[in-house]
Amino acid sequence: PVVKFPFSRNPQFQSQIELAVTMFNNNEYESAFQLFNLSLQTSSENSVQPFDEGISMCYFYLSLIFERKGDFKSAFASCLKSLIVQENVNDQPCPDIAIKYYLLGRYAQQLGSLTLSFAFADRAANLASVIFPGHPWVNAQFLNAAIFAFNASPSFAIKYCQSKLSFCNTETEEGKKQ
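Below is a short write-up of the structure. (Residues numbered from 1 in each chain as written. Predicted model: local features only at pLDDT ≥ 70, side-chain atom pairs only at ≥ 80, totals over all residues. Heavy atoms only, no water.)

1. A short note on the packing of aromatic side chains
Considering all chains together, one arrives at 12 aromatic pairs under this definition. On the basis of an interplanar angle of 10° and a centroid distance of 5.3 Å, the ring pair of Phe 36 and Tyr 61 is categorised as stacked. Note that Phe 36 is positioned in helix α2 (residues 29–47) and Tyr 61 in helix α3 (residues 53–69), a separation of 25 residues in sequence. With respect to burial, Phe 36 and Tyr 61 carry one shared label: buried. Ring centres 5.4 Å apart and planes at 75° place the aromatic pair Phe 60 and Tyr 61 in the edge-to-face group. The pair formed by Phe 60 and Tyr 61 is uniform in burial state, with each residue classed as buried. Grouped by ring-pair contacts, the aromatic residues Phe 24, Tyr 29, Phe 36, Phe 60 and Tyr 61 constitute a single cluster. The lysine or arginine in question, Lys 69, covers the ring of Phe 33, its NZ or CZ lying 4.0 Å from the ring centre. (Phe/Tyr/Trp six-rings, centres within 6.5 Å; stacked < 30°, edge-to-face > 60°. Helix = DSSP H or I, 4+ residues; strand = E, 2+ residues; numbered from the N terminus. Buried < 20%, exposed > 50% of the residue type's maximum accessible area, 1.4 Å probe, protein only. Lys NZ or Arg CZ within 6 Å of the ring centre and 35° of its normal.)

The following block contains the structure:
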């Protein structure tokens, strides 16, 4: 069984995050940026657990803001922190984790780290196939990983695509048997 704990019991921390998310959704990125940073300051005052889901959310949104600014190094670092916290919060695969791996692949690609971008994209695709079996997003993630593999090494990309095609054929055959 999975025991989910709610966000921090610190009401100031929780309300700052909620307000920052609202600002982000209203395209007020600079205000949201400041409020997410303030939330992280509040969390570091020992009033919030180190692996609180709210901390993961702050870093996730900061990564999106950094991406909008074209600062992919900071976007990568923030998204990685968000993923580390998220994986400590959840003991089972969840869509948030797959999305963060996808973003890390994109950011690594922008930073010119071709092998790392493939590794994150492949992880996102494999997680998506577990979380959303048969969903079109899964195929898009495998395609994304194949493109990143091609950027890193065309010969490796061919092997990767062949293995994924045989995997798809096996899944199709198993689906017909049932």
